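The lines below spell out each chain.
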Amino acid sequence: MDNKKKKWEKGVGGQAVIEGVMMRGKSMYALSVRTPDKNIKTVKTDMKSAKDRAFIWRLPIFRGIIAFVDSLVTGMKVTMKSAELAGLDDIEYDKESKFEMWLEKKVGDKLADYVIYFSVFVSICLCVALFILLPTVLGGWINGFLGGSTSVRGAIESVIKIMIFLGYMILVSQMKDIKRVFMYHGAEHKTINCFESDMELTVENVRKSTRFHKRCGTSFLVIVLIISIIVFFFVPTNDFWLRILSRIILIPLIAGLSYEVIRWAGRHDNLLVNIVSFPGIATQLITTKEPDDSMIEVAIASLKAVLEEEPVDECEGSCAGSQKKAG
């Protein structure tokens with residue numbers, strides 16, 4: 001079996017969270033967090049497999065849309081859970097507000113789910129405001145000042161989007177708590193790369209692995225940015241509201257196309273793939289940092305928890321050996 005194909009078929013992804021790492025298999029994910037007592041707490045959660053979804057959500061483009069929404073919801077869930085396991089929600093309040101008591105009475109146990117969905121909605125709105133509305137407003141103002149054409153306006157908006165994206169990444173990377181999340185992000189990538197290289201999951205082997213990965217969420221965001229620039233170039237209009245509306249309507253299409261590009265890049269390894277993947281890999285210089293050994297231990301614990309439930313039986317040779325050791 002081709003080695004690159006084996007890497008894809010192992011089907012492991014992940015996400016860095018507060019003091020921990022979530023590793024995701026095909027039908028479940030495991031969240032491992034370093035607790036306040038310095039132990040590692042791991043929680044396993046089942047999820048709906050892609051093959052169990054309605055037919056339309058397994059088609060190209062459409063599968064990217066559902067994967068994007070699913071990743072946002074799951075990411076919010078594991079982030080909130082990691083905060084709980086890390087002891088960040090131990091602050092006790094003397095008295096609940098009337099609004100909180102009203103919410104608990106109305107929705108009961110589903111309150112947490114509603115909070116998650118609302119948070120995802122707010123996050124999407126903020127992204128639209130930051131990466132669509134703001135570049136459109138600034139681009140229109142600058143283009144009007146320069147007296148440029150519609151194409152010039154599109155180019156200006158593209159430059160502004162890139163500047164906002166990189167500026168945002170660099171700014172948040174300077175925050176102390178985010179720096180630790182980015183270190184766990186590095187641990188997540190290094191552990192997955194170690195596993196995909198058929199090496200035993202040990203701290204020493206993981207430490208030697210690269211912290212960059214083509215299927216990273218950072219790479220996905222960069223691809224989204226690039227594809228949005230290309231797509232919007234073919235939807236020229238100087239009308240402000242029509243310009244805003246067209247960009248919002250095309251978000252699902254752009255997300256779906258970006259998913260297919262990342263999926264394709266994960267399945268192949270050639271010069272074209274390396275060129276397409278380079279911007280995302282370069283941006284990971286910001287969003288991943290070298291982890292310490294304690295962080296690597298957490299990432300390994302999370303991946304092993306996934307492998308206990310989803311052993312990769314189709315791998316041959318050294319892959320099977322590493323699976324046995326990892327479990």
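Residues numbered from 1 in each chain as written. Predicted model: local features only at pLDDT ≥ 70, side-chain atom pairs only at ≥ 80, totals over all residues. Heavy atoms only, no water.

Chemist: Go over the pairing of strand 4 (residues 40-46) with me, naming the residues and quoting the values.
Modeler: The side chains of a regular strand alternate between the sheet's two faces. Inspection of the sheet shows strand 3 (residues 28-34) paired to strand 4 by seven bridges, in the antiparallel sense. Residue pairing across strands places Tyr 29 opposite Thr 45, the latter belonging to strand 4. Joining the antiparallel neighbours strand 3 and strand 4 is a turn of five residues, in which Lys 38 adopts a positive phi near 75°. (Pairing = 2+ DSSP bridges. Helix = DSSP H or I, 4+ residues; strand = E, 2+ residues; numbered from the N terminus.)

Chemist: Got a sec to walk through the packing of aromatic side chains? Specific residues and values, please.
Modeler: In total, this model carries six aromatic pairs according to the counting rule given. A centroid spacing of 6.3 Å and a plane angle of 70° characterise the contact between Trp 57 and Phe 62, whose relative ring orientation is edge-to-face. Given the relative accessible area of 32%, Trp 57 is considered partly exposed. Classification of Phe 62 as partly exposed rests on a relative accessible area of 35%. On the numbers, 6.3 Å between centres and 55° between planes, the contact of Phe 131 with Phe 165 is tilted. Remark: Phe 165 occurs in helix 5 (residues 150-172) and Phe 131 occurs in helix 4 (residues 111-146); sequence separation between them is 34 residues. (Phe/Tyr/Trp six-rings, centres within 6.5 Å; stacked < 30°, edge-to-face > 60°. Buried < 20%, exposed > 50% of the residue type's maximum accessible area, 1.4 Å probe, protein only.)

Chemist: Can you explain the sheet that holds strand 3? Please cite residues and give values.
Modeler: One open sheet accounts for four strands, arranged 1-2-3-4; its pairing is antiparallel. Two strands in the sheet have a free side with no partner beyond their single neighbour: strand 1 (13-17) and strand 4. Within this sheet the neighbouring strands show an average axis-to-axis angle of 15°, counted without direction. Contacting strand 1, strand 2 (20-24), strand 3 and strand 4, helix 2 (residues 62-85) crosses the sheet at an angle of about 30° to strand 3. Across the face of the sheet, helix 12 (residues 293-309) comes into contact with strand 2, strand 3 and strand 4 while running at roughly 155° to strand 3. (Axes fitted to C-alpha atoms, helices over the stretch in contact; angles between N-to-C directions. Contact = heavy atoms within 4.5 Å.)

Chemist: Requested: an account of the confidence of the model for the protein, with residues and values cited.
Modeler: Chain-level statistics for the protein give a pLDDT mean of 84 and a share of 84% at 70 or above. Averaged pLDDT values over the elements of the protein bottom out at 36 in helix 13 (residues 318-326) and peak at 97 in helix 7 (residues 203-208). Predicted confidence is poor over residues 91-95, with pLDDT under 50, and the contacts of this stretch with residues over four places away or in other chains come to zero contacts. Within the model, the stretch residues 314-327 combines pLDDT values under 50 with 23 contacts to residues more than four positions away or in other chains. (pLDDT = per-residue confidence, 0-100.)

Chemist: Quick one: what's the story with unusual backbone geometry, residue by residue and with numbers?
Modeler: With phi around 75°, Lys 38 is a residue other than glycine that occupies positive phi space. As for its placement among the helices and strands, Lys 38 is situated in the loop between strand 3 and strand 4. By relative accessible area, Lys 38 is classed as exposed at 62%. If you check the backbone angles, Ile 61 has positive phi at about 75° while not being a glycine. Position of Ile 61 relative to the elements: it lies in the loop between strand 4 and helix 2. Given a relative accessible area of 24%, Ile 61 falls into the partly exposed group.

Chemist: Provide a residue-level description of helix 5, including the pertinent values.
Modeler: Each full turn of the α-helix corresponds to 3.6 residues, which orients residues three or four apart in the same direction. The end-to-end C-alpha distance of helix 5 is 33 Å, a good match for the 33 Å that 23 residues give at a rise of 1.5 Å each. Among the residues making up helix 5, those that are buried are Arg 153, Ile 156, Glu 157, Ser 158, Ile 160, Lys 161, Ile 164, Phe 165, Met 169 and Val 172. (Expected span 1.5 Å × (residues − 1).)

Chemist: Which residues make up the nonpolar core, and what values do they have?
Modeler: Residues Met 23, Leu 201 and Leu 303 are the most contacted members of the largest nonpolar core, which totals 23 residues. Residue assignment for this core shows that the elements contributing at least two residues are strand 2, strand 3, helix 6 (176-196), helix 7 and helix 12. Per element, the largest residue contribution to this core is nine residues, and it comes from helix 12. Discounting chain neighbours no more than four positions away, the residues touching Leu 303 are Val 12, Met 23, Thr 191, Phe 195 and Leu 201. Judged by nonpolar contacts, the second largest core, of nine residues, contains Val 17, Met 47, Leu 85 and Ala 86. (Core = buried A, V, L, I, M, F, W, Y, C linked by side-chain atoms within 4.5 Å.)

Chemist: Residue-level account of helix 9 (residues 240-249), with values.
Modeler: Listing the buried residues of helix 9 in full gives Arg 243, Ile 244, Ser 246 and Arg 247. Down the axis, helix 9 shows its buried residues gathered within 165° of arc, on one side only. Among the exposed residues of helix 9, those oriented more than 90 degrees off its buried face are Trp 241 and Ile 249. (Arc of directions from axis to C-beta.)

Chemist: Kindly report on empty space enclosed by the protein, identifying the contributing residues and their values.
Modeler: Per the counting criterion, the structure on display carries one cavity of 30 Å³ or more. Considering only enclosed or pocket space, the largest cavity measures out at about 60 Å³ in volume. Around the largest cavity sit Lys 214, Ser 219, Ile 223, Val 261, Ile 262, Ala 265, Val 276, Ser 277 and Gly 280, which together line it. Of all the secondary-structure elements, those providing two or more residues to the lining of the largest cavity are helix 8 (217-233), helix 10 (251-267) and helix 11 (271-287). Partitioning the lining of the largest cavity into residue classes produces five nonpolar, three polar and one charged. (1 Å grid on protein atoms, 1.4 Å probe; cavity = no way out; pocket = protein on both sides within 12 Å on 5 of 7 lines; lining within 4 Å. Points joined across faces, edges and corners; volume = space filled by probe spheres on them. Nonpolar A, V, L, I, M, F, W, Y, C, P; charged D, E, K, R; others polar.)

Chemist: Outline the pattern of salt bridges, supporting the account with residue identities and numerical values.
Modeler: Opposite charge on two side chains makes pairing possible when the charged atoms of those side chains draw close. Scanning the model with the defined rule gives 14 salt bridges in all. A salt bridge links Arg 24 to Asp 70; the shortest N-O distance between them is 2.2 Å. Here the residue Arg 24 occupies a position in strand 2, and Asp 70 occupies one in helix 2, the gap between them amounting to 46 residues. Residue Arg 34 pairs with Glu 297 through a salt bridge whose shortest N-O separation is 3.0 Å. With a gap of 263 residues between them, Arg 34 in strand 3 and Glu 297 in helix 12 connect regions that are remote in the sequence. (Salt bridge = Lys/Arg side-chain N within 4 Å of Asp/Glu carboxyl O.)

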